[in-house]
Structures are given as structure tokens and as C-alpha cells.
Amino acid sequence: MALNDQSETTTKSTYCQDELPELLPLYYRRLFPYNQYYRWLNYGGLPKTYFQNREFSFTLKDDIYIRYQSFADQSEMEKEIQKRCPYKIDIGAVFTHRPKDHRTVKAASFQAQEKELVFDIDMTDYDDVRVCCQGADICEKCWPLMRIAVRIVDRALHDDFGFDHRMWVYSGRRGVHCWVADEAARKLSQNARSAIAEYLSVVKGGENQVKKVSLPEHLHPSIEQAKRIINHYFEGYALRNQGLMEDKASWEKVLTLVNDSNLRKLLAEQIERAKTSAERWDRLERCIMGEVSKGNVKKCQHLVTEIKFQYCYPRLDVNVSKGINHLLKSPFCVHPKTGRVCVAFDAKDVDNFDPFTVPDISQLCREIDEFDRKQKATNDENEPPSKKRIKDYKKTSLLKSIQVFEQFVTGLEGTRKGKLIEQSGEYFILCV
């Protein structure tokens, strides 16, 4: 079942795009997590201009696009968002001056200073290797590609680069985003961002290039780790979900990735003798490794892994990652096509994250109404009403995602607090 403009998913949605102008005011007034959002982007308020110099952009109804929005504090941000009810919010860089004043500043002086290191992984970039869906559509058969991508990229960011503060967000339709918020990540130059993005890019080449993965003789430890992750998913995703090696058209497409003509002919003979996808893949693996061990083929040592990577390895939009002043869709805005909220999720629990159960704005508004109605009905008329007000998001299925967001923000604050304590200790020693 594909996720498309009609929101035909595994969970029936009553969302209608025409209702968005009526639903957004309620969402931004009662559900958008302003507190955590401001605490995240304010980064402790040192310097005080950090949040004030952050660029936001709004996409309003009828595709009206407004750049260079900026706010003095949380209160001003809340008021402006609730006033305009943007269909989409994008987050940009922290500039040398307030973005809303950019027309009063010389162009040479108005420069992007910092921004989170971000990654954008979109299912459309896998269209040449998935058979179940194309374009903006996704389904249960191709979504494992996003799980593989999250596991590979998240591991590399933590283990290889030492980044501790990584927030993963579902885009609301067909992909995922990652925000790396460590201070070191925010201060990276464009060259450094490009280097990290290239480090994580293995599938290379345009539409005209058939074989897009070529691995060196000695595999980097990061590639070995990615190989382990892909091997874990490969049979279920590629052989069962995507029908790789299921028919002649499928296995002939795989064979185009074999450059050695003699090996390609031998593999075709072996594959045609098999009866199932699993058996055909097993024969392919055994035949390649056998020929490599005999020394009959050159540069095929990692051919099996290269094929797996071409079908499964993460495909990053490098331009999103390398540009400091590139804007990226904000967490917790609503995707206008699907109505789904761009929710944060736990990368460690990515196998249990289901995009088809992500709440849409219609569902959330209903959940608030139902909760309030039930609470009113069950209240004892003789008891005074409780003075403690339940936050609206806690009445809805948005709760888990906001808890993930809170955990991310709390982790950032803990790191900042530890750094301040460390600096105060050093100051004390210097004074003594």
C-alpha cells in the first residue's frame, strides 16, 4: 500500500488537505512543542544573540514563501507562528546579524556563522532499485531502506565522528532527516561538512552510470560496519520484499553490475538452474567467491558487497549537508500533502518506528476532543476541578515523539551544564 496524496496507508486517515487552514491554528496553539523547540535552538542563550540571529522560513497557503524570519525570543516566535500558521517551517543558519534586518546590512557583512550538521535521506533517490513504489509513494516493502540508512548513518556519526547529540525526524511523507547538534558539528566549515557527507557517500553516479558502487581492496572499518548492518536486513528486504532475483528481468538487472563478461555468463548459467530467489542469490554468491578464490576474475573481491550496497546503502542529498546556509524542514511541522507531523523518533528503536502510524493533524485534533469529552464525563460533580492542567500533547499520540524530543534537548542541556561546571573549575584553579 503506497502513501500518496490520498493518504492510502495501512492505517486509515480521515485527513483532507482542504481542512488544513482550519486545523493548523489549533495545532500551533495547543500542540506545537514551543518550549523544547526554543530550548533546543537557543542552546543555553550564550551568546544572547544566538537565537535572535537564527533564520526561519515560512511557506504559507498557496505556496507563498517567506525567508529571513527571525525572532527575539520564544514568545515572539510563538505569536508569529500562531499568527501566520505556516504550512511548512524551515530552519536555517545562525547569521552575523538578525535575518529580518538583512536588507539593512551590507551583503558582505551578512554571513552564515553556524548551523547543525544535517542529513536528508529521501526515498525517491532509491527509485532505480525499488520495485514496489516510485516517486513520493512509500510502503512497508521499501521502508526498510530508511531503517538501514538510519542505522548506518547514526552509527558512523557517533562512533566515527564522536557526535553525541543526534535527532532523527520523519519528514512526514517519504524520508528522514538527521540534526547533529553538538557544538563541534554546528561550527563545522562548509569544507568539513562536505568531507563528512562524502565519507558517508558510497553510491555514486548519475542515471547513466549502471554500477554505482566500487569498493577498494581493503575495506574501511566504517564500510565493514555498514556491510554488517545491510547483511542483517538484506534477505528480508531485498529477496522477499523487493523480489530481487525473483524473475529473469530482476536477475538480469543484477548481472549488469558484473563488469567481467565471462563471470557474467557463468553467473547467468548458475542462476537459471535455481528455482527460488534465495537459491539464485546463494548460487550468485558462491559462484563469485569461487571464481575470486581461483584467481579467475580481477577486481571482483567485493562484488557481492557492492551489489548489496547498490541496492541498500544510504543515499544522501550531499548538497543539504554541506551548505551552512541551506534550510531544512523543521521538526514538528505538518506535511500538507499527508497531514502527518514531522515527528522525532529514537534511532535505537528505528525497527519499531512505523511511518504509517505517525499521527496526522486531523487525528490529533480528534484525540484532544475525545480526551476532553471523556474527562468531563468522568469528573465527579461533587469534586472540585483539578488545578493541574494536563498539557494537550499528553492527550494525544504525539506524546511519545515529544518525549524523544525532550530527551534530546535535555541531553544537550546536560552537556552544556557539564561544560560550564568544568570551565568554572578551571577558573577557580587559576584564581587559587
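Everything numeric here is computed off the predicted structure, so don't read it as measured data.

Asks: I would appreciate a short explanation of helix α11 (residues 277–294) in the present structure.
Replies: Counting along an α-helix, one turn takes 3.6 residues, and residues three or four places apart therefore face a common direction. The end-to-end C-alpha distance of α11 is 26 Å, a good match for the 26 Å that 18 residues give at a rise of 1.5 Å each. S277, R280, W281, L284, C287, I288 and E291 are the residues of α11 that are buried. Within α11, the buried residues cover an arc of 130 degrees as seen down the axis, which keeps them to one side. The exposed set on the far side of α11, more than 90 degrees from its buried face, consists of R286, S293 and K294. Buried positions along α11 lie against α8 (221–241), α9 (248–255), α10 (261–273) and α12 (303–312). Downstream of α11 by one or two residues, G295 has phi in the positive range, about 80 degrees.

Asks: Honestly, the packing of aromatic side chains in this entry has me stumped. Any pointers?
Replies: Centre-to-centre distance and the angle between the planes together describe a pair of aromatic rings. In total, this model carries 26 aromatic pairs according to the counting rule given. With 5.3 Å between their ring centres and 85 degrees between their planes, W40 and W179 make a pair best called edge-to-face. In this pair, W40 is assigned in helix α2 (residues 34–42) and W179 in strand β7 (residues 175–180), connecting sequence segments 139 residues apart. The same class applies to W40 and to W179, which are both buried. Aromatic pair F345 and F353: ring centres 4.5 Å apart, planes at 20 degrees, arrangement stacked.

Asks: I tried to follow the pairing of strand β3 (residues 88–95) on my own but got confused; where do I start?
Replies: Put simply, side chains in a regular strand alternate between the two faces of the sheet. When you tally the buried positions in β3, you get seven out of eight residues, the bulk of the element. In this sheet, strand β4 (residues 112–114) lies alongside β3 in antiparallel orientation, the contact comprising two bridges. Residue pairing across strands places V94 opposite E114, the latter belonging to β4.

Asks: I would appreciate a short explanation of the pairing of strand β1 (residues 54–60) in the present structure.
Replies: With respect to burial, β1 is a largely interior element, seven of its seven residues being buried. Along β1, one buried face is formed by R54, F56, F58 and L60 and the opposite face, lined by E55, S57 and T59, is buried too. Of the pairings in the sheet, the one linking β1 to β3 comprises five bridges and is antiparallel in character. Pairing of S57 across the sheet is with D90, part of β3. Of the pairings in the sheet, the one linking β1 to strand β2 (residues 64–69) comprises four bridges and is antiparallel in character. Note on β2: the bridge partner recorded for F56 is Q69. The antiparallel pairing of β1 with β2 creates a hairpin that spans three residues between the two strands, and D62 there sits at a positive phi of about 65 degrees.

Asks: Please clarify how the nonpolar core should be interpreted in this entry.
Replies: A general feature of soluble globular proteins is that nonpolar side chains tend to end up buried together. Counting residues in hydrophobic clusters, the biggest one holds 129 residues, and the most contacted among them are Y27, Y28, Y37 and W40. If near-sequence neighbours (up to four positions away) are discounted, W40 is found in contact with I91, E116, M167, W179, A181, P331, F405, F408, V409 and L412.

Asks: I would appreciate a short explanation of the sheet that holds strand β6 (residues 166–170) in the present structure.
Replies: Across a sheet, strands are paired by hydrogen bonds formed along the backbone, either parallel or antiparallel in direction. Strand order in the open sheet made by the four strands is β5-β7-β6-β9, with antiparallel pairing throughout. Because the sheet does not close on itself, it has two edges, and the strands there are β5 (117–122) and β9 (344–345). Pairing between β5 and β7: six bridges, direction antiparallel. In the sheet register, D122 faces β7, and the bridge partner there is G175.

Asks: For this particular structure, what's the right way to read the environment of T338?
Replies: For T338, the location among the structural elements is in the loop between β8 (328–329) and β9. You can call T338 buried: its relative accessible area is 1%. T338 sits 22 residues away from L316 along the chain, and the two C-alpha atoms are 23 Å apart. Within the structure, the side chain of T338 is placed 2.7 Å from the backbone oxygen of G172, a separation counted as a polar contact.

Asks: Can you help me understand the packing of α11 against α12 in this one?
Replies: If you want to describe how two helices pack, look at the angle between their axes and the distance between the axes. Two elements in contact, α11 and α12, have axes whose closest approach is 9 Å; the angle formed by their N-to-C orientations is 140 degrees. Overall, the two elements α11 and α12 adopt an arrangement that is oblique. On α12, the residues touching W281, L284, E285, I288 and M289 of α11 are L303, V304, I307 and K308. Of the residues in the contact of α11 with α12, the class split is seven nonpolar, no polar and two charged.

Asks: Just to check I follow, could you spell out empty space enclosed by the protein for this structure?
Replies: Vacant regions in the atomic arrangement are exposed by a probe of water-molecule size rolled over the atoms. As enumerated under the stated definition, the model contains one cavity of 30 Å³ or more in all. Forming the boundary of the largest cavity are I152, R155, A156, L200, S222, Q225, A226 and Y313. Elements with a contribution of two residues or more to the lining of the largest cavity: α5 (144–160) and α8.

Asks: Where do I start with the confidence of the model for the protein chain in this structure?
Replies: Residues shown with low pLDDT carry predicted positions that ought not to be read at fine detail. In this model, the protein chain carries a mean pLDDT of 93, and residues with pLDDT of at least 70 account for 93%. Every residue in residues 1–11 is under pLDDT 50, and counting partners more than four places away or in other chains gives 36 contacts.

Conventions used here
- Residues numbered from 1 in each chain as written.
- Predicted model: local features only at pLDDT ≥ 70, side-chain atom pairs only at ≥ 80, totals over all residues.
- Heavy atoms only, no water.
- Helix = DSSP H or I, 4+ residues; strand = E, 2+ residues; numbered from the N terminus.
- Expected span 1.5 Å × (residues − 1).
- Buried < 20%, exposed > 50% of the residue type's maximum accessible area, 1.4 Å probe, protein only.
- Arc of directions from axis to C-beta.
- Contact = heavy atoms within 4.5 Å.
- Phe/Tyr/Trp six-rings, centres within 6.5 Å; stacked < 30°, edge-to-face > 60°.
- Pairing = 2+ DSSP bridges.
- Core = buried A, V, L, I, M, F, W, Y, C linked by side-chain atoms within 4.5 Å.
- Polar contact = N/O pair within 3.5 Å; in protein donor to acceptor, adjacent residues only side chain to side chain.
- Axes fitted to C-alpha atoms, helices over the stretch in contact; angles between N-to-C directions.
- Parallel < 35°, antiparallel > 145°, perpendicular 65-115°, else oblique.
- Nonpolar A, V, L, I, M, F, W, Y, C, P; charged D, E, K, R; others polar.
- 1 Å grid on protein atoms, 1.4 Å probe; cavity = no way out; pocket = protein on both sides within 12 Å on 5 of 7 lines; lining within 4 Å.
- Points joined across faces, edges and corners; volume = space filled by probe spheres on them.
- pLDDT = per-residue confidence, 0-100.

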